[in-house]
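# Notes for the structure review
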Amino acid sequence: MVDPANPLEGLTRRQLQGLHNLLGDVRSSLAWSWQLPVLIRQRCWLRLEMIELGNLHRWLPPDGCEEAPELCRYRELVAQGWSPLQAQEQCWREFGDDDCRTALQRFWASQQDRKHDWTVQRYLALISCYRRSIEAGVATIPMLVLPRAGGATDHQLHWVSDSTPSMRHTCA
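These notes cover the structure that comes with them. (Residues numbered from 1 in each chain as written. Predicted model: local features only at pLDDT ≥ 70, side-chain atom pairs only at ≥ 80, totals over all residues. Heavy atoms only, no water.)

## Remarks on the packing of helix 4 (residues 84–95) against helix 5 (residues 97–112)
For any two helices packed against each other, the geometry is given by the interaxial angle and the distance between the axes. At a closest axis distance of 7 Å, the pairing of helix 4 and helix 5 adopts a crossing angle of 115 degrees. Contacts between helix 4 and helix 5 involve Cys91, Trp92 and Phe95 from the former and Asp97, Asp99 and Cys100 from the latter. The residue inventory of the contact of helix 4 with helix 5, partitioned by class, reads four nonpolar, no polar and two charged. (Axes fitted to C-alpha atoms, helices over the stretch in contact; angles between N-to-C directions. Helix = DSSP H or I, 4+ residues; strand = E, 2+ residues; numbered from the N terminus. Contact = heavy atoms within 4.5 Å. Nonpolar A, V, L, I, M, F, W, Y, C, P; charged D, E, K, R; others polar.)

## Regarding the nonpolar core
The biggest cluster of nonpolar side chains holds 29 residues, and the ones touching the most others in it are Leu53, Leu56, Tyr130 and Ile141. For this core, the secondary structure elements donating two or more residues are helix 1 (13–29), strand 1 (37–42), helix 6 (120–135) and strand 3 (141–146). Not counting residues within four places of it along the chain, the set of residues in contact with Leu53 comprises Trp32, Ser33, Trp34, Leu36, Val38, Leu126, Ile127 and Tyr130. (Core = buried A, V, L, I, M, F, W, Y, C linked by side-chain atoms within 4.5 Å. Buried < 20%, exposed > 50% of the residue type's maximum accessible area, 1.4 Å probe, protein only.)

## Looking at the sheet that holds strand 4 (residues 156–160)
Spatially, 2-1-3-4 is the arrangement adopted by the four strands of the open sheet, whose pairing is mixed. Pairing within the sheet leaves two strands with one partner each, and these edge strands are strand 2 (47–52) and strand 4. The average undirected angle you get between the axes of adjacent strands in this sheet is 25 degrees. Looking at chain direction, strand 3 and strand 4 are connected through five bridges and run antiparallel. Paired with Leu144 across the bridge in strand 4 is Leu157. (Pairing = 2+ DSSP bridges.)

## A look at the side chain of His158
Within the fold, His158 resides in strand 4. There is a polar contact of 3.2 Å between the side chain of His158 and the side chain of Gln156. (Polar contact = N/O pair within 3.5 Å; in protein donor to acceptor, adjacent residues only side chain to side chain.)

## Comments concerning the pattern of salt bridges
Side chains that carry opposite charge are capable of pairing whenever their charged atoms lie near each other. This model, assessed by the stated rule, comprises seven salt bridges. For Asp162, the salt bridge is made with Arg27, and the minimal N-O distance between the two is 2.8 Å. Of the two residues, Asp162 sits in the loop between strand 4 and helix 7 (165–171) while Arg27 sits in helix 1, which places them 135 residues apart along the sequence. You can call Asp162 partly exposed: its relative accessible area is 33%. On the basis of relative accessibility, which here comes to 33%, the residue Arg27 falls in the partly exposed class. (Salt bridge = Lys/Arg side-chain N within 4 Å of Asp/Glu carboxyl O.)

## Observations concerning the packing of aromatic side chains
Describing an aromatic ring pair means giving the distance of the ring centres and the angle of the ring planes. For the structure shown, the criterion picks out four aromatic pairs. Look at Phe107 and Trp108: their rings are 5.2 Å apart centre to centre, the planes differ by 65 degrees, and that puts the pair in the edge-to-face class. Here Tyr130 and Trp159 contribute two aromatic rings whose centre-to-centre distance is 5.7 Å and whose plane-to-plane angle is 65 degrees, an arrangement assigned as edge-to-face. Separated by 29 residues along the polypeptide, Tyr130 in helix 6 and Trp159 in strand 4 bring together distant segments of the chain. The buried category is assigned to Tyr130, whose relative accessible area is 0%. Connected via pairs of aromatic rings, a cluster forms that spans Trp32, Trp34, Tyr130 and Trp159. (Phe/Tyr/Trp six-rings, centres within 6.5 Å; stacked < 30°, edge-to-face > 60°.)

Spelled out as structure tokens, the structure:
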């Protein structure tokens, strides 16, 4: 397991040097772009890959089951004070009972399938946080640590910067 205090633990000297160089590139530009790097760490293969932010949604597609229009509308109606039964019936009228049933089945299946913890909300939060950091002049790179196959952990997101423990040692 990756130590939250040191997410770079276990990386090779070569990987750390490459990361140091990449951080230097981000530091020198500090301009928001979809070409900014995102690190993907696959612990079971001891791999650290760099992809462009603009390709993250293709490389690691976020699970959007929770964002199905039928479910969003249902939650909206309940938030407006409709009873769950009334909201369900209204969604059936608007979308059809087959589509509502399918959306709900996909949602529940995604909740039981551990590979779908990478949600649209987490994806959008990463992008938003990354943009704010870059626009604030802070050189940082997101690193997604993928869960091991069959593992009980979710994807972990770490932000690598000059203040990350292992980077301080390689940047000195």
